[in-house]
Amino acid sequence: MSREFQVTFDCADPAALAEFWAAALDYAVQAPPRSFDSWDAALEAFGVPPEDWNSRSAILPVDGEGPRLFFQRVPEGKVAKNRLHLDLRVAAGLEGDVRMEALEAEATRLASLGATRAYRVEPAPPMEYGFITMLDPEGNEFCLD
């Protein structure tokens, strides 16, 4: 039996965080139901109060490969290091300076989308090939690997 799963992010601004991760992963924000031109129109038709329109959002892989990511508004802010994080495998198979240059290029691209750089770990084979830890716009850690 195969199972689907989604990854859920608790956050303050689901729409904004969904937009960031869609751009970071080459995903797309999930489209509204077929009979609606926008989510605002759908939510209004469903009777959802306007103050709840940004209570959740989701993104999907454009090519259909990968999990759905779901973003839900929660009242509390982030207070500690994530116990789970995403690794964006942008330099798989690369080593040394070529690997770190690829990671730096992606770190620069993601910073332009609202991420911030936390730190860089230099290669030290055979156990460490180097990575960069970043923070998404709400401070959730993720790694460029």
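Refer to the structure above for everything that follows.
Thresholds, definitions, all that
Residues numbered from 1 in each chain as written. Predicted model: local features only at pLDDT ≥ 70, side-chain atom pairs only at ≥ 80, totals over all residues. Heavy atoms only, no water. Phe/Tyr/Trp six-rings, centres within 6.5 Å; stacked < 30°, edge-to-face > 60°. Helix = DSSP H or I, 4+ residues; strand = E, 2+ residues; numbered from the N terminus. Buried < 20%, exposed > 50% of the residue type's maximum accessible area, 1.4 Å probe, protein only. Core = buried A, V, L, I, M, F, W, Y, C linked by side-chain atoms within 4.5 Å. Contact = heavy atoms within 4.5 Å. Expected span 1.5 Å × (residues − 1). Pairing = 2+ DSSP bridges. Axes fitted to C-alpha atoms, helices over the stretch in contact; angles between N-to-C directions.

*Asks:* What should I look at first to understand the packing of aromatic side chains in this one?
*Replies:* For any pair of aromatic rings, the description consists of the separation of the ring centres together with the inter-plane angle of the planes. Counted under the stated rule, the structure contains 7 aromatic pairs. Judged by centre distance (5.7 Å) and plane angle (40°), the ring pair of phenylalanine 9 and tryptophan 21 falls under tilted. Taken as a pair, phenylalanine 9 in strand 1 (residues 6-11) and tryptophan 21 in helix 1 (residues 14-25) lie far apart in primary sequence, 12 residues in all. Plain terms: the ring middles of phenylalanine 20 and tryptophan 21 are 5.2 Å apart, the flat faces sit at 85° to each other, and that makes the pair edge-to-face. Judged by its relative accessible area of 3%, phenylalanine 20 falls in the buried class. Taken together through their ring pairs, the aromatic side chains of Phe9, Phe20, Trp21, Phe71 and Phe142 make up a single cluster.

*Asks:* What am I meant to see in the nonpolar core here?
*Replies:* Within soluble globular proteins, side chains that are nonpolar tend to cluster in buried spots. Counting residues in each nonpolar core, the largest one holds 24 residues, and the members touching the most others are Trp21, Phe71, Leu110, Phe142 and Leu144. Elements that contribute at least two residues to this core include exactly strand 1, helix 1, strand 4 (68-73), helix 3 (96-112), strand 7 (131-135) and strand 8 (141-144). For this core, the element with the most residues is helix 1, which contributes 6 residues. Non-local contacts of phenylalanine 71, meaning those with residues more than four positions away in its chain, are made with Phe9, Cys11, Pro14, Leu17, Ala18, Trp21, Ser55, Arg56, Ser57, Ala58 and Ile59.

*Asks:* Help me out: how do you make sense of helix 1 in this one?
*Replies:* In this model, helix 1 (12 residues) spans 16 Å end to end at C-alpha, consistent with the 16 Å of a helix rising 1.5 Å per residue. Taken residue by residue, helix 1 has Pro14, Leu17, Ala18, Phe20, Trp21, Ala22 and Ala24 as its buried positions. Directly after helix 1, the chain includes aspartate 26, whose backbone phi takes a positive value near 55°.

*Asks:* Sorry if this is basic, but what is going on with the sheet that holds strand 7 here?
*Replies:* Backbone hydrogen bonds are what pair the strands of a sheet, in a parallel or an antiparallel way. Strands sit in the order 5-8-7-6 across an open sheet of 4 strands; the sheet is mixed. Taken across any chain shown, the strands that pair with only one partner, and hence form the sheet edges, are strand 5 (86-88) and strand 6 (116-121). Between one strand axis and the next, the sheet turns through 25° on average, direction left out of account. Against the sheet, helix 3 engages strand 5, strand 6, strand 7 and strand 8, with an angle of about 10° to strand 7.

*Asks:* Help me understand the pairing of strand 1, please; the structure alone is not making it clear to me.
*Replies:* Residues in a regular strand point their side chains to alternate faces of the sheet. Burial of the side chains of strand 1 is restricted to one face: Val7, Phe9 and Cys11 are buried, whereas none of Gln6, Thr8 and Asp10 on the reverse face is. In this sheet, strand 4 lies alongside strand 1 in parallel orientation, the contact comprising 6 bridges. Bridge assignment links aspartate 10 to a residue of strand 4, and that residue is glutamine 72.

*Asks:* What is the right way to read the environment of proline 14 from this model?
*Replies:* Take proline 14: it is sitting in helix 1. Along the chain, proline 14 and glycine 77 lie 63 residues apart, while their C-alpha atoms are 13 Å from each other. Residues contacting proline 14, with those up to four places away along its chain left out, are Asn54, Ser55, Arg56, Ser57, Phe71, Gln72 and Arg73.

*Asks:* Could you clarify how one ought to interpret the pairing of strand 7 in this entry?
*Replies:* Here strand 7 lies mainly inside the structure; 4 of its 5 residues are buried. Pairing geometry for strand 6 and strand 7, over 5 bridges, is antiparallel. Counterpart to arginine 117 in the pairing with strand 7 is methionine 134. In this sheet, strand 8 lies alongside strand 7 in antiparallel orientation, the contact comprising 4 bridges. Each bridged residue has a counterpart across the sheet, and for methionine 134 the counterpart in strand 8 is phenylalanine 142.

Function cannot be inferred from these measures alone, as they are strictly geometric.
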